[in-house]
Amino acid sequence: MYIILVYDIEMDEGGAKASRRIFKTCKKYLTHIQKSVFEGDITPSLLQKLRLEINKSIRKDRDSVLVFKSREERWLQKEFWGKEDDKTSNFF
């Protein structure tokens, strides 16, 4: 399956540390696109593993992670607004 993962970490005390851990975890499984956005093909079992690792790092009362799922990347239409970054060449 193809996913787009976006996270939002509250930058209070402990926020920077949580953000770094989540970034490193996501980077192991997906392609970094922009700030807190990742994308890529992933198997259901690896997605579950990613979820478990992220759940150890997020503070459920302050932070959020949003995952968009699709069967394949080709079902997404990509459109750029503003500066087009080379890293976003795989982004919808």
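Predicted model only: the values in this text are computed from it and were never measured. (Residues numbered from 1 in each chain as written. Predicted model: local features only at pLDDT ≥ 70, side-chain atom pairs only at ≥ 80, totals over all residues. Heavy atoms only, no water.)

Novice: What exactly am I supposed to notice about the sheet that holds strand β2 (residues 31-34) here?
Specialist: Backbone hydrogen bonds hold the strands of a sheet together, and the pairing may be parallel or antiparallel. Read from one edge of the open sheet, four strands run β2-β3-β1-β4, paired in antiparallel fashion. Each end of this open sheet is capped by a strand with a single partner; those strands are β2 and β4 (64-70). Shown here is a sheet whose adjacent strand axes are inclined to one another by a mean of 25°, direction ignored. Against the sheet, helix α1 (residues 15-29) engages β1 (2-8), β2 and β3 (37-41), with an angle of about 170° to β1. (Pairing = 2+ DSSP bridges. Helix = DSSP H or I, 4+ residues; strand = E, 2+ residues; numbered from the N terminus. Axes fitted to C-alpha atoms, helices over the stretch in contact; angles between N-to-C directions. Contact = heavy atoms within 4.5 Å.)

Novice: Whenever I open this one, the UniProt feature "binding site: Mg(2+)" (unreviewed entry) in the protein confuses me. Can you help?
Specialist: Those places that UniProt annotates as "binding site: Mg(2+)" (unreviewed entry) correspond, in this numbering, to Asp8. Relative to the helices and strands, Asp8 is located in strand β1. In contact with Asp8, not counting residues within four places along its chain, are Asp63 and Ser64. (UniProt positions renumbered as here; feature names shortened; annotations may be inferred.)

Novice: Help me out: how do you make sense of the packing of aromatic side chains in this one?
Specialist: Geometry of an aromatic ring pair is reported as the spacing of the ring centres plus the angle between the planes. Enumeration over the complete set of coordinates arrives at two aromatic pairs. Seen in terms of ring centroids, Tyr7 and Phe38 are 6.3 Å apart; in terms of plane orientation they differ by 20°. Their pairing is stacked. Taken as a pair, Tyr7 in strand β1 and Phe38 in strand β3 lie far apart in primary sequence, 31 residues in all. Of the two residues examined, Tyr7 and Phe38, each falls in the buried class. Among the aromatic residues, ring-to-ring pairing joins Tyr7, Phe23 and Phe38 into one connected group. (Phe/Tyr/Trp six-rings, centres within 6.5 Å; stacked < 30°, edge-to-face > 60°. Buried < 20%, exposed > 50% of the residue type's maximum accessible area, 1.4 Å probe, protein only.)

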